[in-house]
Amino acid sequence: MTPLYKKMKANGTSFYAFPGAAEDISAAYQNQNYKMYFSKYVLLNLPKQDVTDGTDPTYFDFNDTTENGFGFKTSISYNSQGQTYQDSLIESLRNYVANYEVTIKASKINNTEFYYDNTLLSTPTEKIFWKWCRKLNLISLEPANNGDEYFGNLVEFDSLNANDPTYFKELLWKEREIVDYTSQYFAKFSGSDFLELRFDNSTTFQIGDYVEITGIEDSTLSLIVPSGTRCRIINKTAATSTALEIIVTDFIFNGTSTFEMTGTVTLVYHKLVQYIGEVNGINNVQQSNRSYTEVYAHIPDSTGQTPDILFRIKSDDNYKPNMVFPIIPSQYQPEIIGAEVFSNPIVSNPNAYPGSYYGQFDTEDFTYETSSGDSLRRSGDYYGVSGNINTATIDSRLVDGVAIDFDPAHYVKMNVIGKEITNFDQFNAMEVNNQPPADFEFNAILWYYTVEDVSGNKTNNLYGISFVDNPDNNPISTEKDTGGNGLRVPAFRKLAANNLQDGVSYAFSLNLNFNIINENPQDTFNPEAINSLFSFNIYNEAMRRLSIVNDSFMNILVTQNQLQTDLSNMKQLLYSQTDFQVINKKITNLETLLRLYATNQMVDSDTITVEKDNTASPPLIKLRNIDPVYNNVFTVKTSAMYNINGAVIFNVNVPKNKSFLVYVQNDDINSYVLPNNDRLTVLLDMDLSHKQSFDLIVDSNLTATQNKQLEIYIKYRYGVGSAPIESKLIETINLPIYYNTTTQLSNSAANYSKFNFDIDLNRDIILSTGGLLSVPIDSNLNMIKNHFKIGDTLMLDNFNIGTSSQSDFSGQYKITTVGATNSYIFLDINSNIDLVNYGASSSLPLTLNSTTNYLLSNYPYFKYNKGFKYSITRVDPSDFSELTERYLVEKTELSN
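Just so we're clear, the structure is a prediction, and the values are computed from it rather than from any experiment.

Undergrad: Looking at this model, I keep getting lost on the overall build of the chain. Mind explaining?
TA: For the chain, the helix and strand inventory stands at 12 helices and 51 strands. Looking at the chain residue by residue over its 896 residues, the buried ones come to 44%. Counting only contacts in the chain whose residues sit at least 6 apart along the sequence, the fraction spanning at least 24 positions is 70%.

Dropping the structure here:
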């Protein structure tokens, strides 16, 4: 259920935890191979709410009706008009971020199987939070500078296929940088009065950006374009070797084209992320009436704005490109998860919670969707890059899966040779380009924790967000803050100590209460808590020294225990002469056994069993060959070979020089049509060795109703050292179907062993509109009506049409009608696109055999598809032979 965030406290910090942390807290307490600890925090500077015309890009706009906004999407969706800023903020955080994550966890693939994989260390919380910021225009990204801000040559950033130019290396991102660009030319946009600006160098401006124009010295032009003019970019043309970069704005320009060298164009942008800090300490408080944990964040006076903050685009099985949540339409609902029940407190008592209980979604269908993209190529809207590595197009407007990069090894300025830095607190106090740490403001804190498994794999997840004060406590106007009462979370100004000023330090603690009651108690003052200490630096030093003393004391205890154990063991070594004789005899026997085992160290394996013959002296060892027919058996059901995105390749790891079996059982009852004419696919990951063979068996269970067809591919090399090639090994296979959905019984293919009816070639075979093929049967009419059932599936083989050029339209078709007064059966051939197109190219109905138009070139016949067995053997050892020469394929049909 989506957590019910209450309204902000009237005074002081208000904290809201995200639902994803619950699973990690639970796992940390229940699983000894899994641990969780708070590690990082991030300071944000949230902007003021826009209550004017919605055109200021540096403000919150909760009523934005554009594609990104949440306002006025449907008649019952979110509408923040008339609400306070604080209520709108918390409502949006709950109804989008929290509800989004709960929706992912509650989404099902089908009626019984959940989509979410809770074994992954990473939660989707942070990705959703930054997406929320992007949709509210709080954050915008651009590529970070490779070599100056991050190490782009690291192996983990490499392309997943260096030989394919459509595979990109991983790009790291940063928040938009505010740079002043000098325009060379002010002109009218061709065919309109829009202002056109031209630059002699490339800019980082994007379509949709707001820019501010200042510094125009031309007196006539400065009257038409006053200093401080803000306008929005509606088009951009990149610079070439012979042309300047051109941007077109929405500003109506009433002047003439002017060459102007002094006009400055600056991006209008409010930097959101200000600071990355390290969690300094954790304190467990236990009292008679309550217990809680304090997570402590100390912002030293020596630190300033973090010099570089990098972002990565991440994806995993729970959050990746091209996803829509919920997955099945039956889970769509306009309310947040849990609010569809009247007993939910937010429904029964809405005044106690901010805003409405209707969710905020990405679409008007009450769904959340990730941006489109290709995870293997790292391209598409999700990754902000398209094209290929030679002509890449960067567009960050729809980037998704964003997460802050907390790895110091990726930051260039943290790894200056001889001045390496291992944590962000040191980084924040560092001079960059001879500039001291910069001052900044912040009004919100993101709390991060690290999860780590027993193998050492770890990741950082977002726990929650703290707002430092209620917006109603913000002053109406001050020199440093013009947020306005109630329109912005009050900001704390962080000054960094330098030669010109003293620094300001702050300390924040996050209290984690574990209660068994429904309501969270109001925090009370505790003079023994760590946030009441005079100086955390003194406290931290005291704790460090106490830890050293404690370690020394523990080492003394361990040494004492070891001495006592050794003394006890020495007392047990006092033996008599008789004991020595017994011991020597046992040692002699053991040495004899060791010599025996040294020459006979054999154990059972998959192919050899070891037997001992104790009747002889010394004992004999017999080896028996138990090599099975197949070294490996790979089994897969067709229902697991696709999902809503298309076919899911079943990979077969080919064993070396051993025969193996691939068994495919059709159990598919889902009529879903795969996109792009996909077929189910089995892929052998390498060539077979010379003389190696494998068997492929295609079978069906008694409930299968669908034939999505099967293709077998193999990765092979044409020549020594060449790149592997994927190629189809055998023809497309029609899957056997054993269930008739019309009669709700098993069909003829399951009930009968052989098809004994012939096609009457003395009568017309007709292809009609609607994809119907009429085929006459040479048999008694009553027998035809008794045997052939509507909904049964038959294989039509040798169905070759054409005289000068032939087309094989053999296939597996379903019976739609059985003639009541004639001996015809009618087949649905719409699954064979080639046959449908052949008929469409002629005048329908088309007679395929008659006295005047005989198009058959072979004798067609029907049979039951009861499955197939293929035996594939490599007969040609050459790596330069074609597949048809390299492999012998033997096909047999299965029977009952």
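Now that the structure is up, let's keep going.
Undergrad: For this particular structure, what's the right way to read the sheet that holds strand β23 (residues 444-453)?
TA: Ordered in space as β1-β24-β23-β2-β13, the five strands form an open sheet in which the pairing is antiparallel. Strands with a single pairing partner mark the edges of an open sheet, and in this sheet they are β1 (14-17) and β13 (273-278). Each neighbouring strand pair of the sheet contributes to a mean axis angle of 30 degrees, computed without reference to strand direction. The sheet contact formed by strand β2 (residues 34-44) and β13 spans five bridges and is antiparallel. Bridge pairing in β13 places Tyr-41 opposite Gly-277. Lying over the sheet, helix α2 (residues 85-106) contacts β1 and β24 (458-467), oriented at roughly 155 degrees with respect to β24. Contacting β2, β13, β23 and β24, helix α3 (residues 125-135) crosses the sheet at an angle of about 45 degrees to β24.

Undergrad: Teacher, can you tell me more about the environment of Asn-643 here?
TA: Checked against the element boundaries, Asn-643 lands in strand β30 (residues 642-643). Measuring from C-alpha to C-alpha, the distance between Asn-643 and Ile-109 comes to 8.7 Å, with 534 residues separating the pair along the chain. Beyond its immediate sequence surroundings of up to four residues, Asn-643 is in contact with Val-648 and Tyr-672. Here the side chain of Asn-643 touches Asn-645 through a polar contact of 2.8 Å, landing on its backbone nitrogen.

Undergrad: Would you mind going over α3 with me for this structure?
TA: In an α-helix, one turn spans 3.6 residues; hence positions three or four apart end up facing the same way. Counting buried residues in α3 gives 11 out of 11 residues, a clear majority hidden from the surface. Along α3, the residues that are buried comprise Thr-125, Glu-126, Lys-127, Ile-128, Phe-129, Trp-130, Lys-131, Trp-132, Cys-133, Arg-134 and Lys-135. Positioned one or two residues after α3, Asn-137 has a phi angle of 60 degrees, which is positive.

Undergrad: Quick question: what am I supposed to make of the packing of aromatic side chains here?
TA: Both the distance between ring centres and the angle between the ring planes are used here to describe each pair of aromatic rings. A full pass over the atoms with the stated rule returns 50 aromatic pairs. Between Phe-361 and Phe-366, the ring centres sit 5.7 Å apart and the planes meet at 70 degrees, which makes this aromatic pair edge-to-face. Relative accessible area serves as the criterion here: at 7%, Phe-361 is assigned to the buried category.

Undergrad: Sorry, what's going on with α2 here?
TA: The terminal C-alpha atoms of α2 lie 30 Å apart, and with 22 residues this matches the ideal 32 Å at 1.5 Å per residue to within 8%. Asn-99 marks where α2 bends most, by close to 35 degrees.

Undergrad: Help me out: how do you make sense of the nonpolar core in this one?
TA: Taken as a class, soluble globular proteins show a tendency for nonpolar side chains to be buried jointly. In this structure, Phe-129, Trp-130 and Phe-467 are the most contacted members of the largest nonpolar core, which totals 110 residues. Among the elements that take part in this core, α2 stands out by supplying nine residues, more than any other. Counting 31 residues, the second-largest nonpolar core is a separate cluster that includes Phe-757, Phe-799, Ile-815 and Leu-846.

Undergrad: Got a minute to help me understand the pattern of salt bridges in this structure?
TA: It is possible for side chains bearing opposite charge to pair when their charged atoms get close. Under the definition given, this model contains 32 salt bridges. Residue Lys-271 pairs with Glu-175 through a salt bridge whose shortest N-O separation is 3.9 Å. One end of the pair, Lys-271, is in the loop between β12 (264-267) and β13; the other, Glu-175, is in strand β4 (residues 173-175), and 96 residues separate them in sequence. In this structure, Lys-891 and Glu-731 form a salt bridge, with 3.5 Å as the shortest nitrogen-oxygen distance. Residue Lys-891 is found in strand β51 (residues 887-893), and its partner Glu-731 is found in the loop between β37 (725-728) and β38 (739-740); the two are separated by 160 residues along the sequence. Classification of Glu-731 by relative accessible area gives partly exposed; the value is 38%.

Undergrad: Explain the sheet that holds strand β8 (residues 210-214) to me, please; I cannot follow it from the model alone.
TA: Think of a sheet as strands paired side by side through backbone hydrogen bonds, with each pair either parallel or antiparallel. Overall, antiparallel pairing links the eight strands, which are arranged β5-β12-β8-β9-β10-β7-β6-β11 in an open sheet. In the strand order of this sheet, the two ends are held by β5 (180-182) and β11 (258-259), each with one partner. Inspection of the sheet shows β8 paired to β12 by four bridges, in the antiparallel sense. Note on β12: the bridge partner recorded for Val-211 is Leu-267.

Undergrad: I'm lost on a nonpolar patch on the surface in this one. Help?
TA: A contiguous nonpolar surface patch, about 410 Å² in accessible area, is contributed by Tyr-718, Val-720, Ile-725 and Phe-880. Examined against the element boundaries, Ile-725 turns out to sit in strand β37.

Undergrad: How should I be thinking about unusual backbone geometry in this particular structure?
TA: A negative phi holds for most residues other than glycine; trans holds for most peptide bonds. Note that the residue after Phe-325, namely Pro-326, is joined by a cis bond; omega there is -5 degrees. Relative to the assigned elements, Pro-326 resides in the loop between β17 (324-325) and α5 (345-348). That bond from Leu-844 to Pro-845 is cis: its omega, 0 degrees, falls within 30 degrees of zero. Structurally, Pro-845 is set in the loop between α11 (833-840) and β48 (846-849). Backbone geometry at Asn-676 places phi at a positive 60 degrees, although glycine is not the residue there. Topologically, Asn-676 is positioned in the loop between β33 (660-666) and β34 (680-684).

Undergrad: Looking at this structure, I do not really get the pairing of strand β50 (residues 868-874). What am I missing?
TA: Regular strands place their side chains on alternate faces of the sheet. The buried fraction of β50 is high, at six of seven residues. Taken together, the seven bridges between β50 and β51 define a ladder with antiparallel strand orientation. Note on β51: the bridge partner recorded for Thr-873 is Leu-888.

Undergrad: Sorry if this is basic, but what is going on with the pairing of strand β10 (residues 245-252) here?
TA: In terms of strand pairing, strand β7 (residues 194-199) meets β10 through five bridges, oriented antiparallel. Paired with Leu-197 across the bridge in β10 is Ile-247. Direction of pairing for strand β9 (residues 229-237) relative to β10: antiparallel, over a ladder of four bridges. Within the sheet, the bridge partner assigned to Ile-233 lies in β10 and is Thr-249.

Thresholds, definitions, all that
- Residues numbered from 1 in each chain as written.
- Predicted model: local features only at pLDDT ≥ 70, side-chain atom pairs only at ≥ 80, totals over all residues.
- Heavy atoms only, no water.
- Helix = DSSP H or I, 4+ residues; strand = E, 2+ residues; numbered from the N terminus.
- Buried < 20%, exposed > 50% of the residue type's maximum accessible area, 1.4 Å probe, protein only.
- Contact = heavy atoms within 4.5 Å.
- Pairing = 2+ DSSP bridges.
- Axes fitted to C-alpha atoms, helices over the stretch in contact; angles between N-to-C directions.
- Polar contact = N/O pair within 3.5 Å; in protein donor to acceptor, adjacent residues only side chain to side chain.
- Phe/Tyr/Trp six-rings, centres within 6.5 Å; stacked < 30°, edge-to-face > 60°.
- Expected span 1.5 Å × (residues − 1).
- Bend = angle between axes of the 7 residues up to and from the residue.
- Core = buried A, V, L, I, M, F, W, Y, C linked by side-chain atoms within 4.5 Å.
- Salt bridge = Lys/Arg side-chain N within 4 Å of Asp/Glu carboxyl O.
- Patch = residues over 30% accessible without salt bridge, like charges linked within 9 Å, V, L, I, M, F, W, Y side chains within 5 Å.
- Areas by Shrake-Rupley, 256 points an atom, 1.4 Å probe, with all protein chains shown as cover.

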